[in-house]
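Summary of the model geometry
Listed here are the chains, written in short residue letters.
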Amino acid sequence: MSAQAPSAVILVRATKFVPNPATAADNAFQADAPTGQTEESTSAHAMAEMDALAEALRAVGVRVHVFDDDDHTRPDSVFPNNWVSTHAGGAVAVYPMYASNRRHERRADVLEMLKSEYRVQTIVDYSGLEPDGIFLEGTGAMVLDHVSRVAYTARSHRADVAVLERFCTDFTYEPMAFEAVDSDGVPVYHTNVIACIGTDVAMIALGMIPDEHRREQVRERLAVTGRTIVELTEEQIREFAGNAVELCGRTPDGRRRYVMAMSARAKRSLRPEQVAAIEESCEIVAVDIPTIELAGGSVRCMIAGIHLDRRPPLAQAELTEAVEAINEDNPVTPDGRYVDGNA
């Protein structure tokens, strides 16, 4: 199985979704809801889109964990990949967030699910850097090559190079930071809107890296892995063509299938030869999410991939005698007292 394409994902069903006014200042991809559309209507449209994405992923055999969020104070919680990432070998990272009203998107129940259903060895929490004004918004700020261990990162308010280097030291990645701007000179707020790295294909808007020397270094670093490089234009980036993610699903008879999840809008922007290049190694799964895209992110932003080994069911796990004792419903202590199962 490819280390690049997770077979399970986390989605957050944000029932109070609206474009976040706190992030509009540096997110050039963000837009307002249609004039006259109520927040309730916007949220209802978004929930239908979230459900459609979950259904589409399950239909191709991807394991989907959905968490509801009814908190109106965190309108961007539909984008969990900004605050958490998981890594082969049992590591989880928790990240510092730029917008203050996004910092309480971090959820203990998500981390507890990961620990109970997957093999988690360590959780590295960088969120304590927020009071110092240092931010790194997860796999929004970084596009990770899990195979060659490279963290491609467009510098921005949301991607501080100092914490990037700390992450790379802790998780054994090579940092590859660069400037990326649009035609108006506005920095790209998240790397994952301009780049996507799959197992055998990479999509990236190299033309948005203004430094020609650095642009060629990024191109060469991707090419040396043997991946097919699909170069995207800025116009395609504005249609969220770069905001895609490769996942590993299963066919009905249990065989692995690699899929590239993206929005229908993103797929429509691709030229036929680009679609063909992607489909040489994976199927495209496209879902229409126009309401969620108002927030400046698309399908990739909605998906936190799980790169962890799954735990066997407790009934199948081999437990030591001591662990079996404490897992009893009503274990008796040496003094004869029952231990409350909720203790």
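As shown above, the structure is provided for reference.
Reading the values: rules and limits
- Counting starts from 1 at the beginning of each chain's written sequence and moves along it residue by residue.
- Selection of residues for local features in this predicted model requires a pLDDT of at least 70, selection of side-chain atom pairs for listing and counting requires 80 or more, and totals for whole chains, interfaces and linings are taken over all residues.
- Where side-chain values are given, they derive from all heavy atoms of the structure, hydrogens and water being excluded.
- Secondary structure is summarised from DSSP: a helix means a run of H or I of at least four residues, a strand means a run of E of at least two, and numbering begins at the N terminus for each.
- Strand pairing requires that DSSP identify at least two bridges connecting the strands.
- Lines fitted to C-alpha atoms define the axes here, with helix axes fitted over just the stretch in contact, and angles between the N-to-C directions of these axes take values from 0 to 180 degrees.
- When a residue's accessible area, from a 1.4 Å probe over protein chains only, is under 20% of the maximum for its type it is buried; when over 50% it is exposed; and in between it is partly exposed.
- Identification of polar contacts relies on pairs of N or O atoms within 3.5 Å, with a donor-acceptor requirement for protein atoms, meaning one able to donate a hydrogen and the other able to accept it, and with residues adjacent in sequence counted only if both atoms are side-chain atoms.
- Every residue pair with non-hydrogen atoms within 4.5 Å of one another is taken to be in contact.
- Stacked, edge-to-face and tilted are the three classes for Phe, Tyr and Trp ring pairs, Trp counted by its six-membered ring, which pair at centre distances within 6.5 Å; planes under 30 degrees apart are stacked, over 60 edge-to-face, the rest tilted.
- We call a charge positioned above a ring when the Lys NZ or Arg CZ atom is no farther than 6 Å from the ring centre and deviates by at most 35 degrees from the ring normal.

**Some details on unusual backbone geometry**
Positive phi outside glycine occurs at arginine 149, with the angle close to 65°. Although it is not a glycine, phenylalanine 240 sits at a positive phi angle of roughly 70°. In this structure, phenylalanine 240 sits in the loop between helix H6 (234-238) and strand E12 (245-250).

**A few points about the sheet that holds strand E1 (residues 8-14)**
An order of E2-E1-E15 is seen for the 3 strands of this open sheet, with the pairing classed as mixed. Each having just a single partner strand, strand E2 (63-69) and strand E15 (304-306) make up the two edges of the open sheet. Across the sheet, the mean angle separating the axes of adjacent strands is 30° when strand polarity is ignored. Where E1 and E2 come together, 7 bridges link them in parallel fashion. Opposite leucine 11, over in E2, you have valine 66 as the bridge partner.

**Digging into the pairing of strand E10 (residues 201-204)**
Side chains Val201 and Met203 of E10 all project onto a buried face; the interleaved residues Ala202 and Ile204 project onto the opposite face, where all are buried too. Where strand E9 (residues 195-197) and E10 come together, 3 bridges link them in antiparallel fashion. Directly across from isoleucine 197, in E10, lies its bridge partner alanine 202. Counting the residues in the hairpin turn of E9 and E10 gives 3 residues.

**Describing the side chain of threonine 153**
Locating threonine 153 in the fold gives a position in strand E7 (residues 150-154). Judged by relative accessible area, which is 2%, threonine 153 ranks as buried. A polar contact is formed between the side chain of threonine 153 and the backbone oxygen of alanine 151, at a distance of 3.4 Å.

**Observations concerning the sheet that holds strand E6 (residues 142-145)**
The pairing of strands in a sheet comes from backbone hydrogen bonds and takes either a parallel or an antiparallel form. Read across the sheet, 3 strands follow the order E6-E7-E8 without closing on themselves; strand pairing throughout is mixed. Every interior strand has two partners, whereas the edge strands, E6 and strand E8 (174-178), have only one. Taking each pair of neighbouring strands and ignoring which way they run, the sheet shows an average axis angle of 20°. Note: E6 against E7, 4 bridges, orientation antiparallel. Counted as the bridge partner of leucine 144 is alanine 151 from E7. The sheet contacts of helix H4 (residues 161-171) involve E6, E7 and E8, and relative to E8 the element is tilted by about 160°.

**Let's talk about the environment of valine 188**
You can see valine 188 is positioned in the loop between E8 and E9. According to the relative accessible area criterion, valine 188 is buried, its value standing at 2%. In the structure, valine 188 is positioned 100 residues away from alanine 88 in sequence and 28 Å away in space, judged by C-alpha atoms. Excluding residues within four positions of it along the chain, valine 188 makes contact with Arg155, Ser156, Ala180, Val181, Val193, Ile194 and Met208.

**Some words on the packing of aromatic side chains**
Considering all chains together, one arrives at 5 aromatic pairs under this definition. Ring plane angle 45° and centroid distance 6.1 Å describe the contact between tyrosine 95 and phenylalanine 167, whose orientation is recorded as tilted. In this pair, tyrosine 95 is assigned in the loop between strand E4 (91-94) and helix H2 (108-117) and phenylalanine 167 in helix H4, connecting sequence segments 72 residues apart. Each member of the pair tyrosine 95 and phenylalanine 167 is classed as buried. Through successive ring pairs, a cluster of aromatic residues spans Tyr95, Tyr126, Phe167, Phe171 and Tyr173. Arginine 149 extends its terminal NZ or CZ atom over the ring of tyrosine 173, reaching a point 4.0 Å from the ring centre.

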